[in-house]
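# Overview (structure and organization)
One letter stands for each residue in the lines below.
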Amino acid sequence: MKTINKLNRLILLAALFIWGYTGLGQKSANEAEITYYSLDIGGVVCGYFETSSMLINESEKEWIQVNDKIIMKLTVLGEDVDISINNEYKIDPENENYFFCKRIYNNGAVELISTTEVKNDKAYFTSNQEVETKEIDLSEGVILESTFAFNHLIEDFIIGSEKEKTYKVYDDFRGEVINKSYKFLQEEEIELNGISYSTILLEELDHSIGTQIKYWIDVPTGDIVKFTYSGRTFCLSDASVKKKIQTADFDDVIFAKVDKIIPNVQEITYMKVEAKIKSEGEWITAESLNFPGQKFTGTVNENLVEGIFEIEPLGYDGTNAPAFPFDYPIVDSLQKYLEHENLIESNHPELIKEAKEITKEAKDSWEAAVSLSKWVSENIQGAIPGGTSAINTYKTRLGECGSHSRLLAAFCRAIGIPARLSIGCMYTTYYQGSFGQHAWTEIFMGDVGWIAVDATANEIDFVDAGHLRLGELTTFHPQEMKILEYKIGDGDKNDVTNIIPDEYKDLLGEYSIIERNRIFEILYQDGSLAVDIPNKMVLSLNDADEEGLYYPTVTRQVNFRFDRDADGKVEAMWLQQLMQVSKKAEQDPIPEDTPDNLQPYLGEYVFAPANIEIKVSNNNGELFMSDPHTKSDTKLELNEKKGKWKLAISNNEISFEKDEDGNVNQLTYYQNIYLHKGVLVSNFVEETIEESGVDEGINKYFELKNTNNGNCIFNELALNNLGFKLLSSDKTTEAIEIFKLNAAEYPDSWNVYDSLGEAYMKNGDNKLAIKNYKKSMKLNPENLGGEEMLAKLKSE
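About the criteria used
- Residues numbered from 1 in each chain as written.
- Predicted model: local features only at pLDDT ≥ 70, side-chain atom pairs only at ≥ 80, totals over all residues.
- Heavy atoms only, no water.
- Core = buried A, V, L, I, M, F, W, Y, C linked by side-chain atoms within 4.5 Å.
- Buried < 20%, exposed > 50% of the residue type's maximum accessible area, 1.4 Å probe, protein only.
- Helix = DSSP H or I, 4+ residues; strand = E, 2+ residues; numbered from the N terminus.
- Contact = heavy atoms within 4.5 Å.
- Axes fitted to C-alpha atoms, helices over the stretch in contact; angles between N-to-C directions.
- Parallel < 35°, antiparallel > 145°, perpendicular 65-115°, else oblique.
- Left-handed = near helix turned anticlockwise from the far one by under 90°.
- Polar contact = N/O pair within 3.5 Å; in protein donor to acceptor, adjacent residues only side chain to side chain.
- Phe/Tyr/Trp six-rings, centres within 6.5 Å; stacked < 30°, edge-to-face > 60°.
- Lys NZ or Arg CZ within 6 Å of the ring centre and 35° of its normal.
- Pairing = 2+ DSSP bridges.

Ranked by size, the top nonpolar core spans 48 residues in total, and within it Ile41 and Phe157 carry the most contacts. Of the residues forming this core, the biggest block, five residues, is contributed by strand β12 (residues 176–192). Beyond its immediate stretch of four places on either side in the chain, Ile41 contacts Cys46, Leu74, Gly231, Arg232, Ala248, Phe250 and Val253. Among the nonpolar cores identified, the runner-up in size contains 42 residues, and Tyr316, Ile380, Cys401 and Ile460 belong to it.

Structure (structure tokens):
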């Protein structure tokens, strides 16, 4: 057993986005010492780590205590992901090896904990994701990774003249011994924070997962001052980095834009893609990228994939599926796909019980697998970061693609059906068409082989041809991607009819949320009705269900319905978003005066990914809740016919869900958003003001009013919002004219005069400001804001 220092600790953090968590460190000291590094992604400093070391004497034992704290702030698909990592190492100062390490990783939704204890050339590895302790042999020159010293690299590459060398290293994240090699690239002078460093540049290669990292090591001190990994840069820094942290958009790392929108993703049956992809996590070969349903022509050089993919998944209808319980002979290569592993806890009693319950009516193994996939698709709510592990995903009912896929794999293994993860990328309509890192599940069906399904995308018994598979533990770091050809359904490649069915024609068009001035568009493309969500994605819609609701093909967490006027003409659209919020396990005691019928609902509910907390309480015998959207306590009114509670001051609703014992364990929040058909006239007015001035903008308003064909929405609030937008941009004259127009159009509104008064006040015309505030107060004596402004103006 040998020693290794912070170099490999830094290497491990670089692999954070593959394996979840790890630690970093600095050289040892006999007194407390702190070192800082910054983390940069895409030019944004989005994280840091600080590491401290101190000599401890306690109970006649001496060791070096090393503590690391790592903070990262990211967004993924618009969701905030804050990651914190805390690591502890106890190092024997005599042999420079650690005898204890503990890692704690937290992403807001899940906490992963692992420990290693070293005794007599043996490592004993435990994890809160594993039931059993793993014993690892550390003899035969295995190097321990710690924060102490990397004497072997200094000796071999700085003092010695090695150009390349491979070492056996203990990985205390996974609890196994792996091979890592280092290659000398060059000597280089670099400058960081105004300080020059004479460094050697080494390239590290993890042979188990294919990770490559470059390190700049300061020759005089042996300290790492910089390293880079897959678009991430770490640099030696100081304590001031903690105040410089911003949020980095991780989508720039894991998405490749292709500028091609195909709304009906589930109907893609063939796709030809030109790709250049860098991947880590496992070794990829050209042979491994070729299998039934996927053909690759090109090269793979140290996990850099360059070439052409042709994807045409093989459909499977369950013909000749193995019996259930699964009775197909299990060869050695399949055995690992039946066993539990880190994050796929197929031996957990709760998962075994649930899997058996879900599949109790299954007639064969394919029917059982599809039942499990359907359950995961319908019961696990999409969330980033999500549950991560199978059991945590099951308990929280939250997860991203990896969480969905691990839970389904665990369910299958729990009932004896081999299953594994498949990782690569998937075509989506994000960013006007793109490929994003994605995981799905493959299920073994005997003679038929592996069948891919995607519970995350609601493809419970298939995958579409937008799924490009790289491996089982890989990452996806695209450099270039381009769609060359694609086919929808059974049609010819790239030849998709867009003849609009009659029942869809009056649904098409633009719809506006007046309060936010956001425009959604209902369109027909590639043989499918779809909705273009602004600055997000295009979603293909299923046909309306019996309640008139149009659900996207990929999710049940959002739906759309249309309102018609007395003449049957579509005049509006409702967007409904569902959010399932879990009830906290530990609750405060319920007050004794609470009516019996309200007691089951009271308590605190949490939606961890968005950091939302909802409290349901009793207020004089009536149910109230803290509404996360209005930021106020709102009375709930029961609609017994619908089985939902309506929020008194909005269109939103909630329902309460119960577990198998009849106890309320979560609520579902229904956010109902009303969209008027058409576009706000204020948008056209604003555009004209920018091009030709405010007078022409007002002329445009009346031109559209006189010739309106129904596509323009004339609304007081929209004009008011435009006025304040101009006012906040210091275009006071233009704002006053728009507020005057609004007052002329809506003379009975108190708010138009209040806004006009504010604009005059900002312009220094207090006389007109007072005049308009008085008009506002006359129409609404309870306008306290106007009353305060009047008092202020009169005093001046």
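Having put the structure on the table, let's press on.
Running from amino to carboxyl end, helix α15 (residues 750–762) crosses helix α16 (residues 766–779) at an angle of 160°, the nearest separation of the two axes being 8 Å. Between α15 and α16, the interaxial angle falls into the category roughly antiparallel. Handedness of the crossing formed by α15 with α16: left-handed. On α16, the residues that touch Trp750, Tyr753, Asp754, Leu756, Gly757, Glu758, Tyr760 and Met761 of α15 are Asn766, Leu768, Ala769, Asn772, Tyr773, Lys775, Ser776 and Leu779.

In this structure, Glu686 sits in helix α11 (residues 681–692). Excluding residues that lie within four positions of it along the chain, Glu686 makes contacts with Leu722 and Lys725.

It is worth spelling out the side chain of Arg420 at this point. Relative to the helices and strands, Arg420 is located in strand β24 (residues 419–428). Of the residues examined, Arg420 reaches a relative accessible area of 13% and is grouped as buried. One polar contact links Arg420 to Glu442, side chain to side chain, over a distance of 2.7 Å. What Arg420 contacts, discounting residues up to four positions off in sequence, is Tyr337, Arg413, Trp440, Thr441, Glu442, Trp450, Arg469 and Glu472.

This part covers the environment of Arg174. Inspection of the secondary structure puts Arg174 in the loop between β11 (164–171) and β12. Overall, Arg174 belongs to the buried group, its relative accessible area being 14%. Residues Arg174 and Ser52, spaced 122 residues apart in sequence, show a C-alpha to C-alpha distance of 24 Å. In this structure the side chain of Arg174 is engaged in a polar contact, spanning 2.7 Å, whose partner is the side chain of Asp171.

Attention now goes to the packing of aromatic side chains. This structure, assessed with the given rule, holds 30 aromatic pairs. Residues Tyr394 and Phe411 carry aromatic rings whose centres are separated by 6.2 Å and whose planes lie at 80° to one another, so their mutual orientation is edge-to-face. Taken together, the residues Tyr394 in helix α8 (residues 390–396) and Phe411 in helix α9 (residues 401–414) connect sequence positions 17 residues apart. Taking the relative accessible area as the measure of exposure, Tyr394 reaches 10% and is therefore buried. On the basis of an interplanar angle of 85° and a centroid distance of 6.3 Å, the ring pair of Trp645 and Phe656 is categorised as edge-to-face. In this pair, Trp645 is assigned in strand β39 (residues 644–647) and Phe656 in strand β40 (residues 653–658), connecting sequence segments 11 residues apart. On the basis of relative accessibility, which here comes to 12%, the residue Trp645 falls in the buried class. These aromatic residues form a ring-pair network of at least three members: Phe326, Tyr328, Tyr337, Phe444 and Trp450. Sitting over the ring of Phe291, Arg469 keeps its end group 5.8 Å from the ring centre. Just above the ring of Tyr551 sits the side chain of Arg556; from NZ or CZ to the centre is 3.7 Å.

Moving on, we come to the pairing of strand β16 (residues 232–237). Here is the key point about a regular strand: its side chains alternate between the two faces of the sheet. With five of six residues buried, β16 lies mostly within the body of the structure. Pairing of strand β2 (residues 33–41) with β16 involves six bridges; the strand directions are antiparallel. Looking at the pairing, Ser38 lines up with Cys235 of β16. As paired elements, strand β15 (residues 224–229) and β16 share four bridges and run antiparallel to each other. Each bridged residue has a counterpart across the sheet, and for Phe227 the counterpart in β16 is Phe234. Counting the residues between successive antiparallel strands, the hairpin from β15 to β16 contains two residues, one of them, Ser230, with a positive phi of roughly 45°.

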